[in-house]
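# Architecture at a glance
Residues per chain, in single letters:
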Amino acid sequence: MSDALSASGLRRLHDAMTARVAAAELPGLVLAVTRGDQMHVETIGSFDFDGATPMRRDTLFRIGSITKPMLAAVTMMLVEEGLLDLAAPVDRLLPELADRRVLARIDGPLDDTVPARRPITVENLLTFRMGFGILTEPHYDPPFPIVAAARELRLVLAEPDPRTPYPPDQWIKVFGTLPLMYQPGERWQYNAAALVLGVLVSRAAGAPLADVLRTRLFGPLGMADTGFHTADADRIPPHYLADFATGEPTRQTATPPADWARPPVFPSGAGGLLSTVDDTLRFAWMLAAGGRHEGHALLSPESVTAMTTNQLTAYQQGTAGMLLEPQGWGYGMAVATKPDDISAVPGRYGWDGGYGTVWCNDPYRDVTALAFTQSSDFLFRGGRDEFLALALRATE
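Conventions used here
- Residues numbered from 1 in each chain as written.
- Predicted model: local features only at pLDDT ≥ 70, side-chain atom pairs only at ≥ 80, totals over all residues.
- Heavy atoms only, no water.
- Helix = DSSP H or I, 4+ residues; strand = E, 2+ residues; numbered from the N terminus.
- Polar contact = N/O pair within 3.5 Å; in protein donor to acceptor, adjacent residues only side chain to side chain.
- Contact = heavy atoms within 4.5 Å.
- Pairing = 2+ DSSP bridges.
- Axes fitted to C-alpha atoms, helices over the stretch in contact; angles between N-to-C directions.
- Buried < 20%, exposed > 50% of the residue type's maximum accessible area, 1.4 Å probe, protein only.
- Parallel < 35°, antiparallel > 145°, perpendicular 65-115°, else oblique.
- Left-handed = near helix turned anticlockwise from the far one by under 90°.
- Nonpolar A, V, L, I, M, F, W, Y, C, P; charged D, E, K, R; others polar.
- Phe/Tyr/Trp six-rings, centres within 6.5 Å; stacked < 30°, edge-to-face > 60°.
- Lys NZ or Arg CZ within 6 Å of the ring centre and 35° of its normal.
- Salt bridge = Lys/Arg side-chain N within 4 Å of Asp/Glu carboxyl O.

### A word on the side chain of T67
- Examined against the element boundaries, T67 turns out to sit in helix α2 (residues 67-80).
- Within the local environment of T67, its side chain forms a polar contact with the backbone oxygen of G64, the two atoms lying 2.7 Å apart.
- The residues contacting T67, other than those within four sequence positions of it, are S268, G269, A270, G271, G272 and L273.

Here is the structure:
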């Protein structure tokens, strides 16, 4: 393996991504591959399929679930400050979640419950083992009473749009009226834990979540464009998702750029941030450097190791379903625990955002790779995997 990014490897990556844009799979993207002091950033295509606005390096993207590892990092800062304890129940700061009841069976009525055998802990939220989240069996979002109840309450526990109408204190109160799906600590389930964690972090720090993230993470890292809203909404491309009937990319209306011009009622720790490729690179580099940025320690190496090490048991990985396979999970992000089609060497970590954003760090190769689009199908129709495989091999 070379010590540097290779011109031929970057050319293969460019050609593959350009071909996807030329085939009208997506209008454009910004990609970045870095190794050591080397950085390759490239813009391809445009904001929209009309080609009128070229994709720019400072394009603002809805980064979706890449919000989760950023929230996890701030959570670990609060742990290091003594404001949170990984092993402590969340009940002190979230009394709405004390004395939990748990469904006797996942498809059963909401009043058929048993007591929780243990409280939800801070670490349960970081590892997505709080006992509540998206269901993927027997298929995605099955019509069980608990799923219907959450939808009727407008908690928005899966896809982020349209947004929940509740501010954080009201949201957690409404969420607390539902029983858990499974016993705390038993299974990995996606998304809901990050929403709860955002409320917890805000209360632990005694400030709105946006302020906590800005003062502890975005400000120190110089992530000036990252936040829950922006004064430059015209820098946000439209969002595309394939029409299920035709397969054609279709412009979505649930999250227009104008919605991001004002602070949200509920700042989502699961998927509510805007960012740029350069801002997210700063976050990725901080983790790759063991929690340090420009000579200053934002996190301890031990905290970064905990975040980027698989915390799930083999059973929990096996029951996680299609949203995680075949990876493990650390704190707020996925961890590759075995060789796969992307890399023969396990250990990379990172996560994707449902609007079409991809990030990973590969400690083995010392490579950071990002591809930011606003086309969700980039994740599911081969674009993500091809990008990561070629980006991680850009040293060859």
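There's plenty left to go through after this.
### A closer look at the sheet that holds strand β1 (residues 28-35)
- Taken together, seven strands build an open sheet; the order of strands is β2-β1-β15-β14-β13-β12-β11 and the sheet is antiparallel. Looking at which strands have only one partner, the edges of the open sheet turn out to be β2 (38-45) and β11 (328-329).
- Bridge analysis of strand β14 (residues 357-362) against strand β15 (residues 367-372) gives six bridges, and the strand direction is antiparallel. Following the sheet pairing, N361 is matched in β15 by T368.
- Contacts from helix α8 (residues 277-288) reach β1, β2, β13 (349-353), β14 and β15 within the one sheet, and its direction differs from that of β15 by about 155°.

### Some details on the pairing of β13
- For β13, a buried count of five out of five residues is recorded, marking the element as mostly surrounded by other parts of the structure.
- Burial along β13 is two-sided: the residues Y349, W351 and G353 and G350 and D352 are all buried.
- Bridge count between β13 and β14: five bridges; the pairing is antiparallel. Residue Y349 lies in a different strand from β14, and its bridge partner there is N361.
- Linking β13 to β14, which pair antiparallel, is a turn of three residues; within it G356 sits at a positive phi near 120°.

### Things to note about the packing of helix α5 (residues 168-175) against helix α6 (residues 192-205)
- As a packed pair, α5 and α6 sit with axes 10 Å apart at the nearest point and diverge in direction by 130°. Looking at the two axes, α5 sits oblique to α6. Between α5 and α6 lies a crossing of left-handed hand. Taking contact as the criterion, the partners of P168, D169, W171, I172 and F175 in α5 are, on α6, L195, V196, V199 and R203.
- Among the residues forming the contact of α5 with α6, the class breakdown is seven nonpolar, no polar and two charged.

### What about the pairing of β15?
- Counting buried residues along β15, six of its six residues qualify, which places the element largely inside the surrounding structure.
- Residues V367, A369 and A371 point to one face of β15 and T368, L370 and F372 to the other, with burial holding for every one of them.
- Bridge count between β1 and β15: six bridges; the pairing is antiparallel. Of the residues in β15, the one forming a bridge with V33 is A369.
- The turn linking β14 back onto β15 is made up of four residues, and D366 within it adopts a positive phi angle of 60°.

### As for the side chain of D352
- Mapping D352 onto the fold places it in strand β13.
- When sequence neighbours within four positions are dropped, the list of residues in contact with D352 reads S65, I66, T357, V358, W359, L379 and R384.

### Quick notes on the packing of aromatic side chains
- According to the stated counting rule, one finds 15 aromatic pairs in the structure shown.
- Aromatic side chains F128 and Y190 sit 5.8 Å apart centroid to centroid with 45° between the ring planes, which places their arrangement in the tilted category. Of the two residues, F128 sits in the loop between α3 (122-126) and α4 (145-152) while Y190 sits in the loop between α5 and α6, which places them 62 residues apart along the sequence. Y190 matches F128 in its accessibility class, with the two residues each being buried.
- Ring plane angle 90° and centroid distance 6.5 Å describe the contact between Y190 and W329, whose orientation is recorded as edge-to-face. Of the two residues, Y190 is situated in the loop between α5 and α6 and W329 in strand β11; the sequence distance between them amounts to 139 residues. W329 matches Y190 in its accessibility class, with the two residues each being buried.
- Members of the aromatic cluster, connected to one another through ring pairs, are F128, W188, Y190, W329 and W351.
- Positioned above the aromatic ring of Y355 is the side chain of R62, whose terminal nitrogen or guanidinium carbon lies 5.9 Å from the ring centre.
- Of note, R187 hangs over the ring of Y182, and the distance from its end group to the ring centre comes to 4.4 Å.

### What about the pattern of salt bridges?
- In this structure the tally under the stated criterion is 21 salt bridges.
- A salt bridge links E25 to R20; the shortest N-O distance between them is 2.8 Å.
- Given a relative accessible area of 36%, E25 falls into the partly exposed group.
- Residue R20 is classed as buried on the basis of its relative accessible area, which comes to 13%.
- Across the pair R216 and E81 runs a salt bridge, and its minimum N-O distance is 2.8 Å. Of this pair, R216 sits in helix α7 (residues 209-221) while E81 sits in the loop between α2 and β4 (101-103), placing them 135 residues apart in sequence.
- A residue is classified by how much of its surface remains accessible, and E81, at 44% relative accessible area, is partly exposed.
- Several salt bridges converge on common partners, so that one network encompasses R20, E25 and E386.

Purely spatial values, then, with no claim about function.
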